[in-house]
Amino acid sequence: MKKHHLYLSIAGMVFGSLLLASATMLQDSEKGFKKLFNGKNLKGWVGNMESYKAKDGMIVIEPGQGSGGNLYTEKEYGNFVLRFEFQLTPGANNGLGIHAPLEGNAAYLGKELQILDNTAEKYANLKDYQAHGSVYGVMPAKKGYLKPVGEWNQQEVTVEHPKIKIVLNGTVILEGDYVEASKNGTIDGEAHPGLQRNRGHIGFLGHGDVVHFRNLRIKELD
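Treat the numbers as computed from the prediction; the structure is a model and nothing was measured. Per-chain numbering applies: the sequence of each chain, read as written, is numbered from 1 onward. Reporting of local features is limited, given that this is a predicted model, to residues whose pLDDT is at least 70; pairs of side-chain atoms are given and counted only at 80 or more, and all residues count toward the totals for whole chains, interfaces and linings. To obtain the side-chain values, all non-hydrogen atoms of the structure were included, while hydrogens and water were left out.

Undergrad: I would appreciate a short explanation of the side chain of E85 in the present structure.
TA: Per the convention used, a helix needs a DSSP run of H or I reaching at least four residues, while a strand needs a run of E reaching at least two, with both numbered from the N terminus. Note that E85 resides in strand β6 (residues 80–88). Residue classification places E85 among the buried positions, given a relative accessible area of 12%. Only heavy atoms enter the contact rule, under which two residues are in contact if any of them lie within 4.5 Å. Once you skip the residues sitting within four places of it in the chain, E85 turns out to touch W152, N153, Q154, H212, F213, R214 and N215. Partly exposed describes any residue whose relative accessible area lies between the buried limit of under 20% and the exposed limit of over 50%, with all areas from a 1.4 Å probe on protein chains only and scaled to the type maximum.

Undergrad: What should I look at first to understand the pattern of salt bridges in this one?
TA: Note on pairing: side chains with opposite charge can pair once their charged atoms come close. We define a salt bridge as a side-chain nitrogen of Lys or Arg found within 4 Å of a carboxyl oxygen belonging to Asp or Glu. Applying the stated criterion across every chain yields a total of 8 salt bridges. One salt bridge connects E85 with R214, and the closest N-O pair in it is separated by 3.1 Å. With E85 in strand β6 and R214 in strand β13 (residues 211–220), this pair connects stretches of sequence that are 129 residues apart. For R214, a relative accessible area of 27% translates into the label partly exposed.

Undergrad: Where do I start with unusual backbone geometry in this structure?
TA: Negative phi values dominate among residues other than glycine, just as trans dominates among peptide bonds. Residue P162 follows H161 across a cis peptide bond; omega there is 5°. One can find P162 in the loop between β9 (152–160) and β10 (163–168). The phi angle at H99 is positive, at roughly 50°, despite the residue not being glycine. Its place among the elements puts H99 in strand β7 (residues 93–100). If you check the backbone angles, N215 has positive phi at about 55° while not being a glycine. Here N215 is to be found in strand β13. The exposure class of N215 is partly exposed, given its relative accessible area of 40%.

Undergrad: Explanation requested: the sheet that holds strand β2 (residues 45–47) in the structure shown.
TA: Paired through backbone hydrogen bonds, the strands of a sheet run either parallel or antiparallel to each other. In space, the 5 strands of this open sheet follow the order β2-β5-β12-β7-β8, with antiparallel pairing throughout. Of all strands in the sheet, those bounded by a partner on one side alone are β2 and β8 (111–116). Strand-to-strand twist of the sheet, defined as the mean angle between neighbouring strand axes without regard to direction, takes the value 25°. The pairing criterion is simple: DSSP has to find at least two bridges between the two strands. With 3 bridges joining them, β7 and strand β12 (residues 200–206) adopt antiparallel strand pairing. Within β12, the position partnered with L96 by the bridge is F204. To get an axis, a line is fitted to the C-alpha atoms, and for a helix only the part in contact is used. The angle between two axes follows their N-to-C directions and goes from 0 to 180 degrees.

Undergrad: It is not clear to me how the environment of K40 should be interpreted in this structure. Could you clarify?
TA: Positionally, K40 belongs in the loop between β1 (34–35) and β2. Separated by 17 residues in sequence, K40 and G57 place their C-alpha atoms 6.1 Å apart.

Undergrad: Can you walk me through the packing of aromatic side chains in this structure?
TA: Two descriptors summarise a pair of aromatic rings, namely the distance from one centre to the other and the angle between the planes of the rings. Two aromatic rings from Phe, Tyr or Trp, using only the six-membered ring of Trp, form a pair when their centres are within 6.5 Å; if the ring planes differ by under 30 degrees the pair is stacked, by over 60 it is edge-to-face, and anything between is tilted. Throughout the structure, instances matching the rule amount to 7 aromatic pairs. Relative to F80, the ring of Y77 has its centre 6.5 Å away and its plane inclined at 75°; by these criteria the two rings are edge-to-face. When the centroid spacing of 6.3 Å and the interplanar angle of 90° are considered together, the rings of Y108 and Y136 count as edge-to-face. Of the two residues, Y108 sits in helix α2 (residues 106–109) while Y136 sits in the loop between β8 and β9, which places them 28 residues apart along the sequence. Relative accessible area serves as the criterion here: at 18%, Y136 is assigned to the buried category. Site record: aromatic cluster; members linked through ring pairs are W45, F84, F86, F204 and F213. Sitting above the plane of the W152 ring, R214 keeps its charged end 3.8 Å from the centroid. Put simply, a charge is over a ring when the Lys NZ or the Arg CZ is close to the ring centre, within 6 Å, and near the line of the ring normal, within 35 degrees.

Here you go:
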């Protein structure tokens, strides 16, 4: 075998091994996860089925009069790891409800994790606890890790009541104990009885802005 052919053969073997190792690591990282959205319809979800639609493998919030509202999982969850991707439009505002009841304001009766275009001019005077990834009114998240509007972001939320960790595009933007953080009162000065809840629905809390979600999967830790 000629030397350059030998080098090519070795390089091919190394590259193939790296691809196999990468695929194995990806499979291992996804063990125990189940799809939260089947990509075809909103089976397993309840709430506003007018504003939220299943389209092209995504959950899409439709614009228009009366748009917004909440969409929840039928099932309740306690401790879990949730992975998903989201795509914002300019100035978009949504939220991820956790441990939420089906009725009432999930930001207070459950917990709301902000999903927001921090770069929008209209949010120039945003409170720290309102920035993307924050536990609304309770714990502020680090800013500066959202991708440019229109690109897809990857987020992972780990909840082990009362502890929470949020990773956005590979960076930890929030980590801590939301009960401990509120023991001397919440940042927004409001009552948040939902901080004591250790189980409830997961949901999207809309304000009429267009946001796309895809690749939702969850691993229960209970």
